Amino acid sequence: MTYQAPPTQAATVVTHADMANAVRALSMDAVEKAKSGHPGLPMGAADVATVLFTKHLKYDAGDPTWPDRDRFVLSGGHGSMLLYSLLHLTGVKAMTIDEIRNFRQSGSITPGHPENFITPGVETTTGPLGQGLATAVGMALAERMLAAEYGEEIVDHHTYVLASDGDLMEGVSHEAVAFAGHLKLSRLIVLFDDNGISIDGPLALSDTTDQVKRFEACGWRAMRVDGHDPAAISRAIARAKKSDRPTLIACKTMIGYGAPTRAGTSKAHGEPLGAEELAGARKALGWPHEPFVVPEPIKKAWERAGKKGRNARKAWAERLAALPADAKAEFERRLKGDVPAGLAGAVEALKAKLVGDKPTVATRKASEMALEAITPVMPELALGSADLTPSNNTKTKAAIPVKPGDFAGRYIHYGVREHGMAAAMNGMALHGGLRPAGATFFVFTDYARPAMRIAALAGIPAVYVMTHDSIGLGEDGPTHQPVEHLSAFRGMPNMRTFRPCDAVETAECWQLALERTDGPTILALTRQNLVQSRKEAGSGNLCAAGAYEISPADGEAQATLFASGSEVEIALAAQALLKERGVAARVVSVPSLDLFLAQPADVRAKIVGKAPIRAAVEAGVRFGWDAVIGEDGVFVGMSSFGASAPYKELFKHFGITPEAFADAVAARGKA
């Protein structure tokens, strides 16, 4: 490709090329200084991003988190310097030139991939391809749901995504694109950086999909433009903003635009250009300035663009202030993520009723009972399921489904899209104003795990209702029976995993999940019915420490029996059998092993107790339990995959019974 330097302009005239080249220059300079990074995307997509930020994005760099701003998601997170350059140039206070210089360095706010919990102005953590696009679907859905409730005077913005070839190849993109098209999320606009290059080389080595036709087949409006023609890009975005469907704009670009030998090749993707190539790019782009230097007129032009949305923000603030006081307060409470004042009372009332009624129900049913009590006091709770609503029990009697073009409801049918569901939940939570809770079978977290990991990493308060939590689901067999999943999620930093033993614990775990604002929570729930193990509601939330004594020993304890979920009743029955044998045992329910292990040492020691024998029973693998029972502790559980049979037969087959547990504890006492 032959590059032509922009024509010399009068000192006061700043062109689109000047502004786009400022983005290119900062990006390639930062990557070069770090000796690490991806210059190709920022250089290739700079024209697209410049048009968006200067002509269309409703954005105020002085307040990059104001609620009715347009969202911009860089799904191709490897091109993070594009976003950091834009944040710096538009005037986000924290994004100084020193932060740009410190790209990918310890302690900077310019990490290798964008992280929303580190960098002001970053809407979501991206990097694993496809996640940004799928998360943006949730943002766009949240915008429409809140607009349906509060009106477009208060909620009226677009969600823009810059997506790469890799984003569109990832499987989650298919789930997200189909879901967005089905719901007609017209405020969602995807700018496809269509550069035809992957790490291995030309995209044609592995993919020949016509993305425009693909998106059209999913109900989107789709079009192609020259990604280096600012007027064409602007016209396409203007048309997309008027569409009644989500829009894909395939912007044909050249990766590494301006680099004399690497542009248009995979060599521009993921490594510094090098001194010679960098000098050649400066010459080709007509950018003679020193590294990290942006001439004042260009800098001022970018700062004006960063202030472009200031009047819109102020007008929005006036409209918000004009709302009735109660509506304004409720809107602001939801955006802050504050728990409604009535939540604790609703849970306490439910617990009192459950203790009196003593229901024998599956914890998935107990979860439904909890939701019936919670949803009236927490209207921002957005429930849903990946096509397993009757099995997950997540739809309350009053719940109204969200439908294409009708977003007044609070129940979402995600279809068989576990990964897309989890990613959309991330977007809804990050958008603010809604608390998403989505459901599937626990074993199918295997499909959703990448988005769940992003939630844990980024501190997103999503709630995952994961039913059919063990071999207790029975006849569906080992493909559907999770055995390693509890241990896997307990080992994931910042992921909280609850496995309640009855209806009372289920209500308490729901309360804890919804009160949490710094990360996601799993509720692992049973298919099979469980007896009511809790005899008293208790003072406060007994699950809050992750474990508590549910049944004391008759006399000085010789053994402590630990259990979670459906195995608590097994531990209680084993306690009675041991008593008949003259062994005094106490039972500790452990609804959240990871939460318990995070408690201070003195709290853990008091709950663990001093009994010489420690034993645990759980219909999962042992991994993780040694932190409580020790390497020499007794464990009864799974060491293989499950099998297909009625669940009571399976528990006998795998030796997870009161008798087997009591025998193992008694044998240790004789050793």
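Residues numbered from 1 in each chain as written. Predicted model: local features only at pLDDT ≥ 70, side-chain atom pairs only at ≥ 80, totals over all residues. Heavy atoms only, no water.

Section: the overall build of the chain
And step 1. Counting its secondary structure elements, the chain contains 26 helices and 18 strands.
And step 2. A compact globule built from 671 residues should have a C-alpha radius of gyration of about 26 Å, and the chain, at 28 Å, falls within 12% of that.
And step 3. Counting only C-alpha atoms and orienting by the principal axes, one finds that the chain spans roughly 95 × 55 × 45 Å.
And step 4. Taken over 671 residues, the chain has a buried fraction of 61%.
And step 5. In the form shown here, the chain has an accessible surface area of approximately 24,900 Å², with 53% of it arising from carbon and sulfur atoms.
And step 6. For the chain, the separation between the mean place of its 72 positive charges and that of its 75 negative charges on side chains is 3 Å. (Helix = DSSP H or I, 4+ residues; strand = E, 2+ residues; numbered from the N terminus. Rg over C-alpha atoms; globule rule 2.2 N^0.38 Å. Buried < 20%, exposed > 50% of the residue type's maximum accessible area, 1.4 Å probe, protein only. Areas by Shrake-Rupley, 256 points an atom, 1.4 Å probe, with all protein chains shown as cover. Lys, Arg positive; Asp, Glu negative; His and termini not counted. Charge placed at Lys NZ, Arg CZ, Asp CG, Glu CD.)

As for the packing of aromatic side chains
And step 1. Enumeration according to the criterion identifies 11 aromatic pairs in this entry.
And step 2. With centroids separated by 5.4 Å and ring planes inclined at 35 degrees, the aromatic side chains of phenylalanine 179 and tyrosine 414 adopt a geometry described as tilted. Here phenylalanine 179, found in helix 7 (residues 171-183), pairs with tyrosine 414, found in the loop between strand 9 (411-413) and helix 17 (418-431); they are 235 residues apart in sequence, far enough to count as distant.
And step 3. Residue tyrosine 414 is classed as buried on the basis of its relative accessible area of 1%.
And step 4. With a centroid separation of 5.9 Å and 15 degrees between ring planes, the pair formed by phenylalanine 441 and phenylalanine 444 is classed as stacked. You'll find phenylalanine 441 and phenylalanine 444 in the same group, each marked buried.
And step 5. Ring pairing ties together the aromatic residues Phe53, Tyr59 and Phe72, which thus form one cluster. (Phe/Tyr/Trp six-rings, centres within 6.5 Å; stacked < 30°, edge-to-face > 60°.)

Focus on helix 14 (residues 343-357)
And step 1. Its 15 residues place the ends of helix 14 21 Å apart at the C-alpha level, agreeing with the 21 Å of an ideal helix rising 1.5 Å per residue.
And step 2. For helix 14, every residue scored as buried is listed here: Leu343, Ala346, Val347, Leu350, Lys351, Leu354 and Val355. Down the axis of helix 14, the buried side of the element spans an arc of 165 degrees, and every buried residue falls inside it. Within helix 14, the exposed residues directed more than 90 degrees away from the buried face are Lys353 and Gly356.
And step 3. The inward-facing, buried residues of helix 14 contact helix 15 (363-374) and helix 20 (503-515).
And step 4. With its phi angle positive at about 50 degrees, lysine 358 sits one or two positions after the end of helix 14. (Expected span 1.5 Å × (residues − 1). Arc of directions from axis to C-beta. Contact = heavy atoms within 4.5 Å.)

Details of the sheet that holds strand 3 (residues 188-194)
What links the strands of a sheet is backbone hydrogen bonding, and the strands pair in either a parallel or an antiparallel sense.
And step 1. Strand order across the open sheet formed by 5 strands is 1-2-3-7-6, with parallel pairing between neighbours. Since the sheet does not close on itself, it has two edges, and those belong to strand 1 (71-74) and strand 6 (221-226), each with one partner. Strand-to-strand twist across the sheet, computed as the mean angle between neighbouring axes with direction ignored, equals 20 degrees.
And step 2. Where strand 3 and strand 7 (residues 247-252) come together, 6 bridges link them in parallel fashion. (Pairing = 2+ DSSP bridges. Axes fitted to C-alpha atoms, helices over the stretch in contact; angles between N-to-C directions.)

Notes on unusual backbone geometry
And step 1. We note that arginine 104 has phi near 65 degrees; this positive angle belongs to a residue other than glycine.
And step 2. For arginine 104, a relative accessible area of 27% translates into the label partly exposed.

Take it as geometry only, folks, not as evidence of what the structure does.
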